[in-house]
Amino acid sequence: MERKLATILFADLVGSTEMGSSLDPEHARDLLDRFYDAMEAEIALGGGTVEKFIGDAVVAVFGAPAAQEDHAERALQVALWMQERLAELFGGRLSLRIGVNSGEVAVGRPREGSSFATGDAVNVAARLEQAAEPGHTLVGERTAALVGGAFELGEPRTIEAKGKKGGVACRELLRMLAPRRPRGGHGLASSFVGRERELRWLEDAIARTAGDGRPRLVKVMGEAGMGKTSVVLELRDRLPEGTAFRLGRCLSYGRSVTYSALADVLRAELGVRQEDPADDILERLAGREILGLTLGLDVAGDLDPRAALLQLQDRWVELISQLGARGPAVVVIEDLHWAAGPLVEVLERVLLDAEGPVLLLGTMRPDGTAFPAAEALTLERLADVEAAELAEAALAGPLESRALELVTGHAEGNPFFVEEVLGDLLDRGLLERGGDGWLLRDAAVDLGIPDTVRGVLAARIDMLPAEAKEALQAASVIGRSFTPGGLAALTGSSAELRTLVERGFVRPTEPELVFKHALTREVAYDTLAKAARARMHATFARWIEADDATDRRAGVLAHHYSEAVDPGIADLAWRDREDELARLSAAALRWLRRAAELSLGRFDLDDALSQLHRAAELAPGEADVWHAIGRVNALKFDGEAMWPAMERAIELTERQETLADLYAELTFETVMRGGMWKRPLDHTVVEPSLARALELAEPGGAAHARALVTKATWEDDIETADQAVAIAERLDDPVLLSYAYWARSGAAFITFDFGEADRWAQRRFELLDRLTDPDKIAHIHYYGATAALAAGRPQEAEALVRKHDLVASRLSPHHEVHALGVLLYVEEALGHWDEVRRLQGRVEPAVAANQGTPCVLNARTLFSCAVGCGELGLDGEARRLETAAVAQGYQDLGVGFWLDPPPAHLALLRGDLERVAALLESSGEMWHWSSDGSLYALATKLDALVALGRMSDAEEAAVPLLQPGTYLEPFALRTLGVVRGDRALTEQAVERFDAMGLGWHAAKTRALAPA
Ligand SMILES: Nc1ncnc2c1ncn2[C@@H]1O[C@H](COP(=O)(O)OP(=O)(O)OP(=O)(O)O)[C@@H](O)[C@H]1O
Ligand SMILES: [Mg+2]
């Protein structure tokens, strides 16, 4: 069994029962037979397969059993032919209702009286047929989308259908416009890119032909959609004046298609159109009527068929020679891969016997025959920049760079795929206008494979000989790359590899082979029946495990074992083999958990999560798995995902000790990573869980210490922090110690005891030797830096944030924003505005990448950049960044200490005192709450109060900050100097600033000093 994207046609004869009742049974049978024969002939002409006749209805399938890229066009063309033919046969006494629909079908062994193609798409086609008026055809939406502009269809409408909520969308078929869907479409613009070398090669071929004065054949080869037709049309536009250009197409199916390419050329020569009456055309052919064979006219008379062919060839030699006699000419034969033998014979005769500088230019796909032999130009994939250019030209505007990469990467340099992927995204409403270009609405979107592209690739795969195709499908189960041994494990042999390499499906790269295109692999994989696929995954997993059951293969084993027992198909794949299923499931679970641990070890959080989620799907009752999911989400700063997973683990746990651990961890992560909440932390959620942790934890144990750390941080309570430190020291657990010291440091910071805060923060560095988790190591550097800054050691702080950047930035998008946040915080405190401006280049993409997990630093880093621009006199840019920061949506979350000082700073620069006052007012006590944000907040507050003329407030705020040697001391001195008009104080401030290496602040202070 295989899965196919196919088009189904249902046709039903209307009026036959009434007619039948008045007829003798033998006559009625004869009528039905004539109907069957006629319909069968039309279906065959369109390359369809008769699925069955039921009574006086006929069902046909296009694109199955063998895939056809134009299955939808074929089906609609056949529907029109059937309608015409019926009218001819029965002249209005009988009529046909037809329904056509495309979709996924399962294609199986045909059985007597039953269908070989099944699926919902088939039922829908039947419903459409029932809803059609006699003599009319209704077309399903997916078919309509597939044929694009090739057919004229009526307005969309919806018909009611049993079992289909909301009905079925469809359109009425009106007429054919082109035998094949025109390329492009979707409202995309087009402009030619690249291919300069190829065009020069073709121009050279024209020149050489002119030099010889004799016809020559060259071929432009390339996979479907690679741009053969486009290159030829571009060549036409660049031809030197006086060069004649003719173009004809070979067709993949239809009536009188043998010479269709030459027919186009002949009509152009005669100046007639396809729809002109035969008599008119024959008149033009006077004396050389035999050419009419090219057009499918009945002109051979009694002539022996072989003699007629020879005469036809003679006339074509003559015709091409006449064309050449008028000057250089290019005759394009499009899609030579569909050329029939007689056409190729004509071309060969022309090459042999015709005269004149006529270049015969054939376009051809590489699959199938290489015939006729000729010099060939091969079109390779477009370079990434060209594909990008093509995409932006198609959209008539720039596309955000990440989306652009995603699309061009997915399309693999095939211009048709680029257009279809874009068109598909547009149709699905996933691309939207933003700024002066386009944005991808959802960065994590599955680009999928557009139906059109799927059709092209599936048809290519189905042209392989059966064994080679089987090998390709088996290889697709293994993955993008595979070894001959792996393939043999699945199919018993690797002999078919040669064909696959020759046909360009896979590329040998010692010791493995790779699918040239990921899309081909995906389509081959999708054609396999899911149950068979699952069993192949199992076979492959066993083969790997027998060979190498070490951690090195954990990811691969986890993948194949879990695919083998996919809950969506396991019942079918392992029917009546419960034991086997149980063994495979256990193996899947074991390897998934191991793989997740290893992924976590590499800090590959998304990998770990996807493995754990698969494990949870297989064993939803395992508390451990849910606990691990919670833990990984905490590392990812995804609070919304962490909570339900941890709660699930709690639900499934009975042991008190484990429960205490879970509650302690849940609340600790929630509070410690306060930035992962896009809403204010909910006290009614945190506090009961914290209370549970404290109540369940064994006194003096790890869970207890952790809960105390949380409580100390949550309540800014020194005494609780001390208790946590004491337990952690007794347990001598480095992670606990690190966070206990941190809690102690934070509690001191809040009371402006910067020396104490710094001492505790620096003690954490002694633990580094005993820690391995980069998330924990990063945390120590982050807070070590802000504490060092507070304690008046800005250079040390700067060194620490750089080190933090190295540790943290690549861990997750969230960590990257943290790395930038604290870098900016320190550079800003140092007045290094050029450095802030330089970091802006990293900030904007990092914030864009971190939209998945909320962080107040998304907004804050943008604000810092705005301040940097403001200080550098770039107010326009500052305003843009400020707006972008606000758009991140973290205002009103009680995090004023992060988000209010920078806009106040900017307002001060702009002299907008009203805004300064309003910001101070709205933030209130929250203005400088928090350890890491408060230094800049306090410094800015002093400047703001002075600027607002609130001198006594300024004095009151400055006095507690007069702590010798600290970062804030000179700010306080300066404020008091200005407030009291005391120059000695400002000079002292300058001195202190200089001593700390804060030159920019020193200069600013000099300018402020009272006379
Ligand atoms: N160099 C190019 N610049 C811009 N667009 C291109 C280029 N090459 C191809 N395209 C676009 O890609 C699509 C596919 O190109 P084209 O139809 O020329 O491919 P083909 O090789 O002739 O395919 P087929 O084998 O199916 O006939 C077209 O819509 C075309 O506009
Ligand atoms: Mg083409």
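Residues numbered from 1 in each chain as written. Chains lettered and ligands numbered in written order. Predicted model: local features only at pLDDT ≥ 70, side-chain atom pairs only at ≥ 80, totals over all residues. Heavy atoms only, no water.

(A) Local environment of the site of ligand 1. The immediate surroundings of ligand 1 are formed by 21 residues, with Arg183, Lys228, Thr229, Ser230 and Glu419 found nearest. Here Val193 contributes a backbone N or O atom positioned 2.8 Å from a nitrogen atom of ligand 1. Between ligand 1 and the protein, one listed contact pairs an oxygen atom with a backbone N or O atom of Gly227 at 2.9 Å. Burial of ligand 1 by the protein chains amounts to 95% of its free accessible area of 630 Å². (Near = heavy atom within 4 Å. Polar contact = N/O pair within 3.5 Å; in protein donor to acceptor, adjacent residues only side chain to side chain. Areas by Shrake-Rupley, 256 points an atom, 1.4 Å probe, with all protein chains shown as cover.)

(B) Main features of the packing of aromatic side chains. Within the structure shown, the criterion is met by 17 aromatic pairs. On the basis of an interplanar angle of 80 degrees and a centroid distance of 5.0 Å, the ring pair of Phe668 and Tyr739 is categorised as edge-to-face. Remark: Tyr739 occurs in helix 31 (residues 734–750) and Phe668 occurs in helix 27 (residues 656–672); sequence separation between them is 71 residues. Neither Phe668 nor Tyr739 differs from the other in exposure class; each is buried. (Phe/Tyr/Trp six-rings, centres within 6.5 Å; stacked < 30°, edge-to-face > 60°. Helix = DSSP H or I, 4+ residues; strand = E, 2+ residues; numbered from the N terminus. Buried < 20%, exposed > 50% of the residue type's maximum accessible area, 1.4 Å probe, protein only.)

(C) Inspection of the nonpolar core at higher detail. In this structure, Leu422, Leu472 and Phe482 are the most contacted members of the largest nonpolar core, which totals 116 residues. Looking at this core element by element, the count peaks at nine residues for helix 23 (residues 578–601). For Leu472, the residues in contact, after removing those within four places along its chain, are Ile461, Leu464, Leu500, Phe505, Val506, Phe515 and Ala524. Leu771, Tyr782, Trp833 and Ala1002 belong to the second-largest nonpolar core, a separate cluster that totals 91 residues. (Core = buried A, V, L, I, M, F, W, Y, C linked by side-chain atoms within 4.5 Å. Contact = heavy atoms within 4.5 Å.)

(D) Region of interest: empty space enclosed by the protein. If you walk through the whole model with that rule in mind, you get six cavities of 30 Å³ or more. Taken as a whole, the largest cavity holds about 140 Å³ of empty space. Lining the largest cavity, in full, are Glu69, Asp70, His71, Ala72, Glu73, Leu146, Arg180, Arg181, Arg183, Phe416, Thr452 and Val456. Elements that contribute at least two residues to the lining of the largest cavity include exactly helix 3 (71–90) and helix 15 (451–462). Here the lining of the second largest cavity is composed, by residue class, of four nonpolar, four polar and five charged. (1 Å grid on protein atoms, 1.4 Å probe; cavity = no way out; pocket = protein on both sides within 12 Å on 5 of 7 lines; lining within 4 Å. Points joined across faces, edges and corners; volume = space filled by probe spheres on them. Nonpolar A, V, L, I, M, F, W, Y, C, P; charged D, E, K, R; others polar.)

(E) View of the pattern of salt bridges. Across all of its chains, the model carries 86 salt bridges by this definition. A salt bridge links Asp624 to Arg593, with the shortest nitrogen-to-oxygen separation between them at 3.4 Å. With a gap of 31 residues between them, Asp624 in helix 25 (residues 623–635) and Arg593 in helix 23 connect regions that are remote in the sequence. Overall, Arg593 belongs to the partly exposed group, its relative accessible area being 26%. Among the charged side chains, a network of salt bridges with common partners joins Asp204, Arg208, Asp212, Arg216 and Glu375. (Salt bridge = Lys/Arg side-chain N within 4 Å of Asp/Glu carboxyl O.)

(F) Fine view of the side chain of Glu69. By the element assignment, Glu69 lies in the loop between strand 3 (57–62) and helix 3. Of note is the side chain of Glu69, whose polar atom sits 2.5 Å from the side chain of Arg365. Once you skip the residues sitting within four places of it in the chain, Glu69 turns out to touch Arg183, Arg365, Gly455, Val456 and Ala459.

(G) Inspection of unusual backbone geometry at higher detail. Pro65 follows Ala64 through a cis peptide bond whose omega is 0 degrees. Here Pro65 shows up in the loop between strand 3 and helix 3. Omega for the bond connecting Glu510 with Pro511 falls within 30 degrees of zero, at -10 degrees, which places this linkage in the cis form. With respect to the helices and strands, Pro511 occurs in the loop between strand 18 (506–509) and strand 19 (512–515). In this model, Arg195 sits at a positive phi of 60 degrees, which is unusual for a non-glycine residue. Within the secondary structure layout, Arg195 lies in the loop between strand 9 (168–176) and helix 6 (196–212). With a phi angle near 60 degrees, Phe637 is a residue other than glycine that sits in the positive phi range. Mapped onto the elements of the fold, Phe637 is located in the loop between helix 25 and helix 26 (639–651).

(H) Structural detail: the sheet that holds strand 18. In space, the three strands of this open sheet follow the order 17-19-18, with antiparallel pairing throughout. Here the strands that pair on one side only, and so sit at the sheet edges, are strand 17 (481–482) and strand 18. When strand 17 meets strand 19, the two strands line up antiparallel, connected through two bridges. Each bridged residue has a counterpart across the sheet, and for Phe482 the counterpart in strand 19 is Leu513. (Pairing = 2+ DSSP bridges.)

(I) Inspection of the sheet that holds strand 14 (residues 375–378) at higher detail. Pairing in this open sheet of five strands is parallel, and the strands run 11-12-13-10-14 from one edge to the other. The open sheet has two free edges, formed respectively by strand 11 (244–249) and strand 14, since each of these has just one partner strand. Along the sheet, successive strands turn relative to each other by an average axial angle of 20 degrees, direction set aside. Alignment of strand 12 (residues 329–334) against strand 13 (residues 358–364), held across five bridges, turns out to be parallel. Looking across to strand 13, one finds that Ile333 is bridged to Gly362. Where helix 7 (residues 228–237) meets the sheet, its contacts fall on strand 10 (216–221), strand 11, strand 12 and strand 13, and the angle it forms with strand 13 comes to roughly 155 degrees. Packing of helix 8 (residues 260–270) onto the sheet brings it into contact with strand 11 and strand 12, and relative to strand 11 it is tilted by some 140 degrees. (Axes fitted to C-alpha atoms, helices over the stretch in contact; angles between N-to-C directions.)

(J) Looking closely at the environment of Pro644. The topology assignment puts Pro644 in helix 26. Accessibility expressed as a relative area gives 45% for Pro644, which makes it partly exposed. Residues Pro644 and Ile629 lie 15 residues apart in sequence; the distance between their C-alpha atoms is 9.6 Å.

(K) Inspection of the pairing of strand 19 at higher detail. For strand 18 and strand 19, the ladder comprises four bridges, and the chain directions are antiparallel. Each residue of the ladder has a partner; that of Arg507, found in strand 19, is Val514.

(L) Representation of the state of the cysteines within the structure. As enumerated under the stated definition, the model contains zero disulfides in all. With no disulfide partner, Cys865 has as its closest neighbouring cysteine sulfur the one in Cys869, 7.0 Å distant. (Disulfide = S-S within 2.5 Å.)

(M) Spotlight on the packing of helix 38 (residues 875–887) against helix 40 (residues 901–910). Where helix 38 contacts helix 40, the two axes come as close as 12 Å, and the packing angle between them is 155 degrees. Between helix 38 and helix 40, the angle is such that the two are roughly antiparallel. Regarding helix 38 and helix 40, the two cross each other, and that crossing is left-handed. Contacts from Asp875, Ala878, Arg879 and Glu882 of helix 38 reach helix 40 at Pro903, Leu906 and Arg910. (Parallel < 35°, antiparallel > 145°, perpendicular 65-115°, else oblique. Left-handed = near helix turned anticlockwise from the far one by under 90°.)

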